[in-house]
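Structural overview
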Amino acid sequence: DDYCAAIVQQSIKDVVVSRDAINRAFSRMVLQQRIIDQLGPAINSGKSLFLFGPPGNGKTTIAEVASTLLGGHIYIPHAVLIDGQVVRLFDEVHHRPIDDPNTEAMDGRWVLSRRPVVVAGGELTLDTLELGYQEEARVDEAPLQMKANCGMFLIDDFGRQKVQPADLLNRWIVPLEKRVDYLTMANGSKIKVPFDELIIFSTNQKPAE
């Protein structure tokens, strides 16, 4: 409950990027102004983007620049307790801690971090989008989309994964619409967690494919 409340308070939807900030950020790229004008509202929506085009036209770079516009810092818990089961959330691969001048006053369960940027490419599978039980540690590892909450989740090379694109989209159809995700615990029970992130699909394939 504390975690869910924290996501609401730090929601990606509250990030507002100005036109000047967007123009400055993308000034190092050669982009038509109409593309930049489309990117602004898309980033401010805090929902989803679909980037497509041939290899080398800057899709990944656009996503990387967009991540720098999110700005700000958020508190991420080391782990959350759900129905008596520990779910490890903080991940140094995706979360970048920063020095907190109020460390002594801060609850030690939380880490002050930059807004997360989680990137997954051709290695993405449906299993990485579910809780991963660690038998030896007896804890669950949070899925990638949960680690990306209040930040950005980039699905690079969409369509190159071993799993079919339709299966991935079907997995996210509820989270994308309802802003909540349903995960299955080791004991079989279903839990509801926030799905609060800017998710970007990037592909070299034609959308019709």
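In the block above lies the structure referred to throughout.
The shown structure was predicted, so the numbers you read here are calculated from the model rather than taken from an experiment. Sequence order as written defines the numbering, with residues in each chain counted from 1. Under the rules for a predicted model, residues below a pLDDT of 70 receive no local features and side-chain atom pairs below 80 are neither given nor counted, while totals for whole chains, interfaces and linings still include all residues. Hydrogens and waters are ignored; side-chain quantities use all the structure's heavy atoms.

Quick notes on the pairing of strand β11 (residues 190–194)
Let me state the cut-off plainly: A pair of strands counts as paired when DSSP detects no fewer than two bridges linking them. Note on conventions: DSSP H or I runs of at least 4 residues are helices, E runs of at least 2 residues are strands, and numbering of each starts at the N terminus.
Judged from the five bridges that link them, strand β10 (residues 180–184) and β11 form a sheet pairing that is antiparallel. Residue pairing for β11: Asp181 is matched across the bridge by Val193. Connecting β10 to the antiparallel partner β11 that follows it, the hairpin turn spans five residues, and Gly188 within it adopts a positive phi of roughly 95°.

Quick look at empty space enclosed by the protein
We apply this condition: Cavities and pockets were defined on a 1 Å grid built over protein atoms only: a cavity is a set of grid points that admits a 1.4 Å probe from which the probe cannot escape, a pocket is an open set flanked by protein on both sides within 12 Å along at least five of seven lines, and lining residues are those with an atom within 4 Å of any such point. Grid points are joined across faces, edges and corners, and a volume is the space filled by probe spheres set on the points.
One pass over the full model with this rule turns up one cavity of 30 Å³ or more. Within this model, the largest cavity holds a volume of roughly 70 Å³. Around the largest cavity sit 13 residues that line it, and Tyr3, Ile7, Ile76, Leu89 and Asn149 are the ones nearest its centre. Residue assignment for the lining of the largest cavity shows that the elements contributing at least two residues are α1 (2–9), β2 (73–77) and α5 (144–147).

Looking at the pattern of salt bridges
Applied cut-off: Salt bridges are identified by distance alone: a Lys or Arg side-chain nitrogen within 4 Å of an Asp or Glu carboxyl oxygen. The buried label goes to any residue with under 20% of its type's maximum accessible area, the exposed label to any with over 50%, and the partly exposed label to all in between, with areas taken from a 1.4 Å probe on protein chains only.
Summed over the entire model, instances satisfying the criterion amount to seven salt bridges. The partner of Arg19 in a salt bridge is Asp37, and the shortest N-O contact between them spans 3.0 Å. With a gap of 18 residues between them, Arg19 in helix α2 (residues 19–25) and Asp37 in helix α3 (residues 33–45) connect regions that are remote in the sequence. For Arg19, a relative accessible area of 56% translates into the label exposed. Among the salt bridges present, the one from Asp91 reaches Lys147, with a minimum N-O distance of 2.7 Å. A residue pair is termed long-range when its members are at least 10 positions apart, and Asp91 in the loop between β4 (85–88) and β5 (110–114) and Lys147 in helix α5 qualify at 56 residues. A relative accessible area of 5% means that Lys147 is categorised as buried.

Examining helix α6 (residues 165–178)
Quick reminder of the rule: An expected span of 1.5 Å times one less than the residue number is assigned to each helix. Fitting one axis to the seven residues ending at a residue and another to the seven starting there, the bend at that residue is the angle between the two axes. The criterion used for residue contact is that any of the two residues' heavy atoms lie within 4.5 Å.
Relative to the 20 Å expected for 14 residues at 1.5 Å per residue, α6 spans 20 Å between its end C-alpha atoms, a close match to the ideal helical length. Its axis deflected by about 45° at Trp172, α6 carries its strongest bend there, up to four residues before the proline Pro175. Turning to α6, its buried residues are Leu168, Arg171, Trp172 and Pro175. Looking at the buried positions of α6, the neighbouring elements they touch are α5, β9 (152–155), β10 and β12 (198–203). Positioned one or two residues after α6, Arg179 has a phi angle of 65°, which is positive.

Some details on the sheet that holds strand β1 (residues 48–52)
Basically, it comes down to this: The axes used here are C-alpha line fits, helices contributing only the stretch in contact, and every angle between their N-to-C directions lies in the interval 0 to 180 degrees.
Here we have four strands laid out as an open sheet, ordered β1-β12-β9-β6, and parallel in their pairing. Strands at the two margins of the open sheet, each flanked by one partner only, are β1 and β6 (117–120). Put simply, the sheet's adjacent strands are angled 15° from each other on average, direction ignored. The pairing of β9 with β12 spans four bridges and is classified as parallel. Looking across to β12, one finds that Leu154 is bridged to Ile200. The strands touched by helix α4 (residues 59–70) are β1, β6, β9 and β12; relative to β12, the strand with the most contacts, the crossing angle is about 170°.

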